[in-house]
Amino acid sequence: MTEKVYVNRTLNLRKIRIIGFDMDHTLVRYHSEAFEETTHRLVVERLIRSKKYPEIIGSFAFDYNLAIRGLVIDKRKGNLLKVSRHGAIRAAMHGTKVMDFHDQKLAYGSTYIDLRDSRYSAVDTAFSLSTASLFMQLVECKDSNSSLALPDYEQMANDLMSEVDGAHRDGSLKGLVRKDLDKYIIKDPDVVEGLEKYRKHGKRLFLLTNSDFNYTKLLLDYAIQPFLKDVKHWSDLFEFVITAAQKPRFFFDSIPFLKVDLATAEMTNQEGVLVPGIYQGGCAQDFTRDLQLDGDEILYLGDHIYGDILRLKKDCNWRTAMVIEDLECEVEKNKIVEPIQKDIEKLMNEKHPIEVKIVDTISEQIEKKLSKSSEVESLQKQIEQIDEKIGIKIRERQNHFNPYWGEVMRTGNEESYFAHQTERFACIYMTKLSDLLEMSPRTYFRAPRIPMPHEMS
Ligand SMILES: [Mg+2]
């Protein structure tokens, strides 16, 4: 069987006593393109209505390919950036136009960007794809219609982000999902079967979501309840259902739990030690203490590197697992592009001895005070020819992935910033939850030994 769970840090599932799940995009998957298209439309309407943006933006068509996960929005310059693990810009768009290397250099020099700067905003969940693509369309619209009364790039980004937040918070997006669950939510019986299998092995399960109780109930009633076999109700499957959790604050702050009544949605203060049930709010510290568990006996799965994984890893010692839906296509496509990758490596190997020869020849000229030979020139020509072939192969390879951005996890030979964060903070990662659940709850996930550069020579 091919491994579908990828391991950054060794994890013995037998040592895990309780497993927690984020809901949106982790336990319950979305038809992402449909959901993001609806968000895009709703936010455009809100910008026109409440922020008085010109009506013309109502004609924007949603382009799902315009952004991928892990990109960075530069609000000030109106750019979307793909960044390497070191923070170097490796691809960029201004509005909906691709910036070439020369334009990138003009805009950013060769400095590394500091992602802690508030002018940058990461596209770090599937829910932010529509934000990124709408921002790029607004930038394009402003650039090509100077007479339009649009604010500066940074203000547009802030307006847009506040309307996206508003649409998520005030229930307008959720209202649309509620009306057409089939369109937006994926039913996955394998997940429910897997969860019941884990329970048979004595694993305790809990749900920890930022969604409110009513929306959580809606999705669980739709995507989990119909497939239950061993238990009657989803509230029996999950020992704790924690809603409106305010992650990442849940992991480092001290917020009291409120108890939620399943039938009436009424809330009361939680007194004393936590008992199985449905809650709102709360914090990891109280949860870990009341369950009398060590942090490393708890495994938590989420899809949001910042909200679910990063702060959790930094502030608690729970184990972490990340669901990266985007990997589904990437793993398949990596296999398809393997022959192209081999060609690229072959060409690189052809180039190397020529480069060495150039270095040696010029060094000799300098050291022995010789006059310039024509040999160097002809060697440089050879390199140019090989580079041209490599360029063609790289584009051919990239065309198999996102047409604008290529792969999510790589920028050329380097890891992308997103991949680097995943590697640092997620103990294991996978495309979808059922990939983990189809494995035995007794699995020992062993991290591969990854050679360092000095070990490969
Ligand atoms: Mg989520």
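Shown above is the structure to which this text applies.
Note that the structure is a prediction, hence the values are computed from the model and not measured.

## So, the packing of aromatic side chains
Here is step 1 of the chain: With the rule as written, the count across this model stands at 19 aromatic pairs.
Here is step 2 of the chain: Ring geometry for Phe251 versus Tyr300: centroids 6.0 Å apart, planes at 65°, classification edge-to-face. Remark: Tyr300 occurs in strand E14 (residues 298-302) and Phe251 occurs in helix H10 (residues 249-252); sequence separation between them is 49 residues. In this structure, Phe251 and Tyr300 share a single accessibility class: buried.
Here is step 3 of the chain: An aromatic cluster is defined as three or more aromatic residues linked by ring pairs; in this entry it consists of Phe206, Phe240, Phe250, Phe251, Phe257, Tyr279, Phe287, Tyr300 and Trp318.
Here is step 4 of the chain: Between the NZ or CZ atom of Lys174 and the centre of the ring of Tyr215, over which it lies, the distance is 5.1 Å.
Here is step 5 of the chain: Between Arg311 and the ring centre of Phe252, over which it is positioned, the NZ or CZ distance is 4.2 Å.

## Quick word on the side chain of Asp159
Here is step 1 of the chain: Positionally, Asp159 belongs in helix H4 (residues 153-169).
Here is step 2 of the chain: In this structure Asp159 is buried but unpaired, with Lys51 as the nearest side chain of opposite charge at 4.7 Å.
Here is step 3 of the chain: Residues contacting Asp159, with those up to four places away along its chain left out, are Leu47, Lys51, Tyr53 and Pro151.

## A word on the packing of helix H14 (residues 338-367) against helix H15 (residues 374-398)
Here is step 1 of the chain: At a minimum axis distance of 9 Å, the contact between H14 and H15 shows a crossing angle of 160°. Between H14 and H15, the angle falls in the class roughly antiparallel. Here H14 runs over H15; the crossing is left-handed.
Here is step 2 of the chain: Taken together, the residues of the contact of H14 with H15 sort by class into 13 nonpolar, 5 polar and 11 charged.

## With respect to the environment of Arg49
Here is step 1 of the chain: Structurally, Arg49 is set in helix H1 (residues 32-50).
Here is step 2 of the chain: According to the relative accessible area criterion, Arg49 is exposed, its value standing at 55%.

## A closer look at the layout of surface pockets
Here is step 1 of the chain: Roughly 1,100 Å³ of internal volume is contained in the second largest pocket.
Here is step 2 of the chain: Residue lining of the second largest pocket: 33 residues in total, with Arg410, Glu415, Glu423, Tyr429 and Ile450 positioned closest to the centre.
Here is step 3 of the chain: Mapped onto the lining of the second largest pocket, the elements with two or more residues apiece are strand E1 (5-7), helix H13 (327-336), strand E17 (414-415), helix H16 (417-425), strand E19 (444-445) and helix H18 (453-456).

## Observations concerning the sheet that holds strand E13 (residues 277-281)
Two modes of strand pairing occur in sheets, parallel and antiparallel, and in both the strands are linked by backbone hydrogen bonds.
Here is step 1 of the chain: Strand order in the open sheet formed by 10 strands is E1-E18-E15-E14-E3-E9-E10-E13-E11-E12, and the pairing between neighbours is mixed. This sheet does not close on itself; its edge strands, each paired only once, are E1 and strand E12 (267-269). With strand direction ignored, the average angle separating the axes of adjacent strands in the sheet is 25°.
Here is step 2 of the chain: One ladder, built from 3 bridges, connects strand E11 (residues 257-260) with E12; its direction is antiparallel. What sits directly across from Leu258, in E12, is Asn269.

## So, H4
Here is step 1 of the chain: For H4, with 17 residues, the first-to-last C-alpha span of 24 Å sits near the 24 Å given by 1.5 Å per residue.
Here is step 2 of the chain: On its buried face, H4 sits against H1, strand E4 (72-74), strand E6 (89-94), strand E8 (120-122), helix H3 (129-144) and helix H5 (172-179).

## What to know about unusual backbone geometry
Here is step 1 of the chain: The linkage connecting Lys247 with the following residue, Pro248, adopts the cis geometry, with an omega of 5°.
Here is step 2 of the chain: Its location among the elements puts Pro248 in the loop between strand E10 (240-243) and H10.
Here is step 3 of the chain: Backbone geometry at Ala244 places phi at a positive 40°, although glycine is not the residue there.
Here is step 4 of the chain: Examined against the element boundaries, Ala244 turns out to sit in the loop between E10 and H10.
Here is step 5 of the chain: Positive phi is not limited to glycine here, since Ala265 has a value of about 65°.
Here is step 6 of the chain: Positionally, Ala265 belongs in the loop between E11 and E12.
Here is step 7 of the chain: Judged by relative accessible area, Ala265 falls into the partly exposed class, the value being 25%.

## What to know about the pairing of E14
Here is step 1 of the chain: The buried fraction of E14 is high, at 5 of 5 residues.
Here is step 2 of the chain: Here E14 shows two buried faces, one formed by Ile298, Tyr300 and Gly302 and the other by Leu299 and Leu301.
Here is step 3 of the chain: Crossover connection from E14 via helix H12 (residues 305-315) to parallel strand E15 (residues 319-323): handedness right-handed.

Definitions and cut-offs
Residues numbered from 1 in each chain as written. Predicted model: local features only at pLDDT ≥ 70, side-chain atom pairs only at ≥ 80, totals over all residues. Heavy atoms only, no water. Phe/Tyr/Trp six-rings, centres within 6.5 Å; stacked < 30°, edge-to-face > 60°. Helix = DSSP H or I, 4+ residues; strand = E, 2+ residues; numbered from the N terminus. Buried < 20%, exposed > 50% of the residue type's maximum accessible area, 1.4 Å probe, protein only. Lys NZ or Arg CZ within 6 Å of the ring centre and 35° of its normal. Lys, Arg positive; Asp, Glu negative; His and termini not counted. Salt bridge = Lys/Arg side-chain N within 4 Å of Asp/Glu carboxyl O. Contact = heavy atoms within 4.5 Å. Axes fitted to C-alpha atoms, helices over the stretch in contact; angles between N-to-C directions. Parallel < 35°, antiparallel > 145°, perpendicular 65-115°, else oblique. Left-handed = near helix turned anticlockwise from the far one by under 90°. Nonpolar A, V, L, I, M, F, W, Y, C, P; charged D, E, K, R; others polar. 1 Å grid on protein atoms, 1.4 Å probe; cavity = no way out; pocket = protein on both sides within 12 Å on 5 of 7 lines; lining within 4 Å. Points joined across faces, edges and corners; volume = space filled by probe spheres on them. Pairing = 2+ DSSP bridges. Expected span 1.5 Å × (residues − 1). Right-handed = clockwise from strand over helix to strand, strands pointing away.

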